[in-house]
Amino acid sequence: MTQTISKPILDLLCVDDDNAFRDDMASFFTRQGHRVEQCADGRQALELVEQRAFDIIVLDLAMPGCTGIEVLQELQTRNSECEVVVLSGEATIEAAVEAMKLGAREFLTKPISLKELDRLVRKAYETGQLRKENRQLKAAL
């Protein structure tokens with residue numbers, strides 16, 4: 001008898017000012033069975049995070065107005081529980097280091113395949129779940 005491992009349904013927020021890529025991401029993750037919200041800028045992303053909890057935010061770094069780095073800084077200030085996967089079309093080592101210091105779980109350069117993005121989103125989710133479980137166990141002790 002074969003046992004199948006069910007994949008969790010995630011609450012995802014896709015934040016990217018590239019409308020076509022953002023729509024592709026959202027469609028892909030919706031087809032995977034996830035609940036997906038999307039927005040084109042950092043300010044709107046922070047407003048959505050105020051309204052509801054997300055498991056994962058897929059966040060573009062270079063956006064007009066509020067950048068991905070500014071979103072990460074604000075999420076860190078708020079002690080947000082969600083995991084963040086950062087995307088950048090103009091990746092530098094400095095940007096990657098800064099994003100990781102601000103709590104990003106993954107840093108990816110565009111273009112990226114949606115299958116690879118899905119793999120890394122799941123990995124970030126699993127890491128986040130382990131961290132939450134660890135905090136809960138420490139609190140129980």
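Residues numbered from 1 in each chain as written. Predicted model: local features only at pLDDT ≥ 70, side-chain atom pairs only at ≥ 80, totals over all residues. Heavy atoms only, no water.

## Looking at a negative patch on the surface
Inference 1: Taken together, the side chains of Asp-17, Asp-18, Asp-23 and Asp-24 make up a negatively charged region of the molecular surface.
Inference 2: One can find Asp-23 in helix H1 (residues 19–31).
Inference 3: Since its relative accessible area comes to 36%, Asp-23 is described here as partly exposed. (Patch = residues over 30% accessible without salt bridge, like charges linked within 9 Å, V, L, I, M, F, W, Y side chains within 5 Å. Areas by Shrake-Rupley, 256 points an atom, 1.4 Å probe, with all protein chains shown as cover. Salt bridge = Lys/Arg side-chain N within 4 Å of Asp/Glu carboxyl O. Lys, Arg positive; Asp, Glu negative; His and termini not counted. Charge placed at Lys NZ, Arg CZ, Asp CG, Glu CD. Helix = DSSP H or I, 4+ residues; strand = E, 2+ residues; numbered from the N terminus. Buried < 20%, exposed > 50% of the residue type's maximum accessible area, 1.4 Å probe, protein only.)

## Focus on helix H5 (residues 114–140)
Inference 1: End to end, H5 covers 39 Å across 27 residues, agreeing with the expected 39 Å (1.5 Å per residue, within 8%).
Inference 2: Within the span of H5, buried status applies to Leu-117, Asp-118, Leu-120, Val-121, Arg-122, Ala-124, Tyr-125 and Gly-128.
Inference 3: Looking at the buried positions of H5, the neighbouring elements they touch are strand S1 (11–15), H1, strand S3 (56–60), strand S4 (83–88) and strand S5 (104–109). (Expected span 1.5 Å × (residues − 1). Contact = heavy atoms within 4.5 Å.)

## Overview of the nonpolar core
Soluble, globular proteins show a tendency: their nonpolar side chains are buried together.
Inference 1: Counting residues in hydrophobic clusters, the biggest one holds 26 residues, and the most contacted among them are Leu-13, Val-15, Ile-57, Leu-59, Leu-72 and Val-86.
Inference 2: When residues of this core are traced back to their parent elements, those giving at least two are S1, helix H2 (42–51), S3, helix H3 (68–77), S4, helix H4 (93–101) and S5.
Inference 3: Core analysis: the second largest hydrophobic core is formed by 18 residues, Leu-10, Phe-21, Phe-29 and Ile-56 among them. (Core = buried A, V, L, I, M, F, W, Y, C linked by side-chain atoms within 4.5 Å.)

## Some words on the confidence of the model for the chain
Inference 1: In this model, the chain carries an average pLDDT of 90, and 96% of its residues clear a pLDDT of 70 or more.
Inference 2: Across the chain, the secondary-structure element scoring lowest on mean pLDDT is H5, at 88, and the one scoring highest is S1, at 97. (pLDDT = per-residue confidence, 0-100.)

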